[in-house]
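# Descriptive analysis of the structure
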Amino acid sequence: GQQLNQSPQSMFIQEGEDVSMNCTSSSIFNTWLWYKQDPGEGPVLLIALYKAGELTSNGRLTAQFGITRKDSFLNISASIPSDVGIYFCAGQLANTNAGKSTFGDGTTLTVKP
Amino acid sequence: GAVVSQHPSRVICKSGTSVKIECRSLDFQATTMFWYRQFPKQSLMLMATSNEGSKATYEQGVEKDKFLINHASLTLSTLTVTSAHPEDSSFYICSARPFKANTGELFFGEGSRLTVL
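Residues numbered from 1 in each chain as written. Chains lettered and ligands numbered in written order. Predicted model: local features only at pLDDT ≥ 70, side-chain atom pairs only at ≥ 80, totals over all residues. Heavy atoms only, no water.

The next subject is the interface of chain B and chain A. By convention, interface size is frequently given as the accessible area that disappears when the constituent parts associate. Across the boundary between the two partners, chain B contributes 22 residues, which contact 20 residues of chain A. For the pairing of chain B and chain A, the buried interface totals around 1500 Å² over both sides, and the portion due to carbon and sulfur atoms is 59%. Between chain B and chain A we count one salt bridge in total. A salt bridge links B:Glu59 to A:Lys100; the shortest N-O distance between them is 3.0 Å. There are six residue pairs in polar contact (both at pLDDT 80 or more) connecting chain B and chain A. For the side of chain B that touches chain A, the elements supplying multiple residues, two or more each, are β4 (32–38), β5 (44–51) and β9 (90–97) of chain B. Taken together, the residues of the side of chain B that touches chain A sort by class into eight nonpolar, ten polar and four charged. (Contact = heavy atoms within 4.5 Å. Buried area = accessible area lost by both parts, 1.4 Å probe. Salt bridge = Lys/Arg side-chain N within 4 Å of Asp/Glu carboxyl O. Polar contact = N/O pair within 3.5 Å; in protein donor to acceptor, adjacent residues only side chain to side chain. Helix = DSSP H or I, 4+ residues; strand = E, 2+ residues; numbered from the N terminus. Nonpolar A, V, L, I, M, F, W, Y, C, P; charged D, E, K, R; others polar.)

Residues and elements named next belong to chain A. The space that makes up the second largest pocket amounts to roughly 250 Å³. At the level of elements, β9 (85–92) and β11 (107–112) are the ones that each hand at least two residues to the lining of the second largest pocket. Across the lining of the second largest pocket, the residue classes tally to seven nonpolar, six polar and four charged. (1 Å grid on protein atoms, 1.4 Å probe; cavity = no way out; pocket = protein on both sides within 12 Å on 5 of 7 lines; lining within 4 Å. Points joined across faces, edges and corners; volume = space filled by probe spheres on them.)

Note that every value here comes from positions in space, so none of it alone points to a role or purpose.
Dropping the structure here:
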């Protein structure tokens, strides 16, 4: 099946620093989604991307849908302690059961005050 | 925003018993819901796609007789772990796609942690 390579696996940063993480795939995706998961809870949707080249922001978060449709990145600017959590990318193929997603392995973010 | 609720959030059961987990979309209708399993520090593993009014579609390697899924209404899907064993202990999460959505956006429940003794 399809696989997503998400990197880095973990990040330890100082409060105020910017963060960048990305996902790559050997398959072309129609949709890229970025989620954040806090411990013991379900993922929460951060940003959804639907067009190649699309750049979308949500507050301090910015994500882009790669031109090749095989990659996406998520940036977090001026990190704060509540940004701590696991970030997952997810890709959806065209002509599939809408919503069926392949998830990356996650990036665990730790922010030091 | 769309809200999905799971119940129970935590359950502890004895080996051999069955456990039912509910997934409800509170403010929207969902013809499709998804069930995932997540091990500590790992990603979400899709178990099955739950379709309202029809049989669930299971991913390869997931035993349909072990993990029974019922999607009897547009707002409720249930996952029953039958004859649970310690190796079934895990974090189970559901997600739902709004009925009229033209997007693939999914909204997740809070998750249910199952511990089988």
